[in-house]
Structures are given as structure tokens and as C-alpha cells.
Amino acid sequence: MMSDLAHNIGEVRRRIEEATLRACRQADEVRLIAVSKIFPASAIREAYRLGLRDFGENYVQEFEGKASELPDLAGARFHFIGHLQSNKARRAAELFDAIQTIDSERLARRLNDAGKPLEVMIEVKLSPEESKTGTGAESLGGLVETVRACPNLTLAGLMTMPPWSDDPEFSRPYFRGLRELAARFGLARLSMGMSHDLEVAIEEGSTDVRVGTALFGPRRYP
Ligand SMILES: *Cc1c(COP(=O)(O)O)cnc(C)c1O
């Protein structure tokens, strides 16, 4: 019998494919990032065995423990998607291949100073009510310039997380806003869309969907 995870991966891939078809896009334009926060290293290993290669993690310390159990996953890419404090930037640069959540010039410089080539994104906050993380649209231009001037950082695109709503249509204006900002700065990648709103995100141009619950099931915080 197929495991839950194998079944869920098939289901998420089907949703991505249907959404890309509706949007007249190719399914391979959308990267599936499996968000494995809170789940153990064994869940990452199982997902890798089933063909997934991109993983998202939110906490430097938590991933530090898991990474030591996963030295052998050739070709796996780990994306940091949580809030990153500057004092953890160096450790994050060592552990991850990509950082999606640059939100200040200070953090950009710290990551650059770590000396390792990194693919990065800037996290944008598109509504005042949203939680504290992300840079406001008004300060994006300056931050884009700073990151582009960092020789170890390759700016791939923008990331956002709309305020929570169980109605996926609620996210659409945020996703559209992010796409417009990315176009203004000539940025190709858009990290947007999660388990409940990935179809809307793909219709609005997402290139990176970050999916946790729909793959691994509900998170039980300790
Ligand atoms: C946890 C998390 C996700 C995954 O959310 P699901 O609803 O479980 O798919 C995506 N992005 C970020 C930034 C997260 O923290």
C-alpha cells in the first residue's frame, strides 16, 4: 500500500499541474518546496526517497540537529523560510543553500560576510496588519540594491506570506502585488503559496510553492 506521504506528494503534484494548466504555464516552472519544520529528519529522508529535492525549514537550531542526520542526500536543497535574526546569519549560511527571508540590509550584509555563495530572496510585507517580518514595499528598492551589491548573494526573487485566511481568494491581491513588485525590479522568482492557497499563487505567477501540511499532515508543536 502507498504510504500517506507518497499519496500526498501525488496529490500536491496533481494540484500544481492542474493550476499550471489553467494558468497556461508549464508544471516544471513551479518548484515544490516541502516545508518540513517540526517534522523529524526521517520525514525529510522519506520525502527524498519519494523524489522530493527542495525542503523548507523555519528554525536554524531545529535544522542544525536534523542536518547532522542527513549528510548523504545528494542534490537535496534546503531553503530557509523563517524569520532570521542577524546573529544567526552565519550559521544559517553554513546550513542552508538558499535564504528566502532577507528583510534588512544588516541581515544581507551578515549573510554576505559568511563567505558562502547563496541564492536569496527578499521577504516582502504587503499589509500593515501582517506579522512583523518582511520589508515594506517602500523600502524594497534600497534593499534590492544592497543585496545586488553583495558578491556572495544571488538575488533570485521575492517571497511573501499573506495574513492567514482559510479562503484562498483572500491571498490573491497579495500574490498579485508581489508579482508586480518583482516585475518592477526584474526579479524572476516568486515564493508564494502554501497548502491552502497554492492554486491561487500559481495563477498569479508563483515559481516556488511552500507546502507543509498537505504533504506531511498537521504539525503538532511540542
Ligand atoms: C509553515 C510554513 C509554510 C507551510 O505552511 P502549510 O500551510 O503547512 O503548507 C509555508 N511558508 C512558511 C513561511 C511557513 O512558515
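Quick look at the structure, then. Keep in mind it's a predicted model, so treat the numbers as computed, not measured.

### Notes on the overall build of the chain
Regarding its fold elements, the chain presents 9 helices and 9 strands. Its C-alpha atoms give the chain a radius of gyration of 17 Å, within 12% of the compact-globule value 17 Å for 222 residues. For the chain, the C-alpha atoms occupy an extent of roughly 55 × 40 × 30 Å along the three principal directions. For the chain, contacts bridging at least 24 residues in sequence account for 57% of all contacts bridging at least 6. For the chain, the exposed surface amounts to about 10,600 Å²; the carbon and sulfur share of it is 51%. Each charge class in the chain can be summarised by its mean position, and for the 30 positive and 33 negative side chains these summaries are 3 Å apart.

### Section: unusual backbone geometry
The backbone of Cys24 shows a phi angle near 55°, a positive value even though the residue is not glycine. Even without being a glycine, Ile38 presents a positive backbone phi close to 75°. Residue placement: Ile38 occurs in the loop between strand S1 (31-35) and helix H2 (41-49).

### A closer look at the site of the ligand
Near the ligand you find 13 residues, and of these Lys37, Asn58, Ser195, Thr213 and Arg219 are the closest. Arg210 places a side-chain nitrogen or oxygen 2.8 Å from a nitrogen atom of the ligand. Here an oxygen atom of the ligand sits 2.5 Å away from a polar atom, N or O, in the side chain of Thr213. Bound to the protein, the ligand loses 92% of the 390 Å² it would expose on its own. Class assignment for the residues of the shell around the ligand results in 6 nonpolar, 4 polar and 3 charged.

### Some thoughts on helix H7 (residues 172-184)
Residues spaced three or four apart along an α-helix point in a common direction, a consequence of the helix completing one turn every 3.6 residues. Along its 13 residues, H7 runs 19 Å from first to last C-alpha, staying within 8% of the 18 Å computed at 1.5 Å per residue. All of the buried residues along H7 are Arg172, Tyr174, Phe175, Gly177, Leu178, Leu181 and Ala182. Each element contacted by the buried residues of H7 is listed here: strand S5 (118-125), helix H6 (140-148), strand S7 (153-159), strand S8 (189-191) and helix H8 (198-203).

### Focus on the nonpolar core
In terms of nonpolar packing, the biggest core is built from 61 residues, with Ile99, Leu111 and Leu215 touching the most fellow members. When sequence neighbours within four positions are dropped, the list of residues in contact with Leu111 reads Leu84, Ala89, Ala93, Ile99, Ile102, Leu118 and Leu153.

### Considerations on the pairing of S1
Across the 5 residues of S1, 5 count as buried, placing the element largely inside the fold. Judged by which residues are buried, S1 turns out to be covered on both faces: Arg31, Ile33 and Val35 on one side and Leu32 and Ala34 on the other are all buried. Direction of pairing for S1 relative to strand S9 (residues 208-211): parallel, over a ladder of 4 bridges. Within S9, the position partnered with Leu32 by the bridge is Val209. Direction of pairing for S1 relative to strand S2 (residues 54-57): parallel, over a ladder of 2 bridges.

### Observations concerning the layout of surface pockets
Considering only enclosed or pocket space, the second largest pocket measures out at about 180 Å³ in volume. Elements with a minimum of two residues in the lining of the second largest pocket: helix H1 (4-22) and S1. Here the element with the most residues in the lining of the second largest pocket is H1; it accounts for 3 residues. Residues belonging to the lining of the second largest pocket are distributed by class as follows: 5 nonpolar, 1 polar and 5 charged.

Analysis parameters
- Residues numbered from 1 in each chain as written.
- Predicted model: local features only at pLDDT ≥ 70, side-chain atom pairs only at ≥ 80, totals over all residues.
- Heavy atoms only, no water.
- Helix = DSSP H or I, 4+ residues; strand = E, 2+ residues; numbered from the N terminus.
- Rg over C-alpha atoms; globule rule 2.2 N^0.38 Å.
- Contact = heavy atoms within 4.5 Å.
- Areas by Shrake-Rupley, 256 points an atom, 1.4 Å probe, with all protein chains shown as cover.
- Lys, Arg positive; Asp, Glu negative; His and termini not counted.
- Charge placed at Lys NZ, Arg CZ, Asp CG, Glu CD.
- Near = heavy atom within 4 Å.
- Polar contact = N/O pair within 3.5 Å; in protein donor to acceptor, adjacent residues only side chain to side chain.
- Nonpolar A, V, L, I, M, F, W, Y, C, P; charged D, E, K, R; others polar.
- Expected span 1.5 Å × (residues − 1).
- Buried < 20%, exposed > 50% of the residue type's maximum accessible area, 1.4 Å probe, protein only.
- Core = buried A, V, L, I, M, F, W, Y, C linked by side-chain atoms within 4.5 Å.
- Pairing = 2+ DSSP bridges.
- 1 Å grid on protein atoms, 1.4 Å probe; cavity = no way out; pocket = protein on both sides within 12 Å on 5 of 7 lines; lining within 4 Å.
- Points joined across faces, edges and corners; volume = space filled by probe spheres on them.

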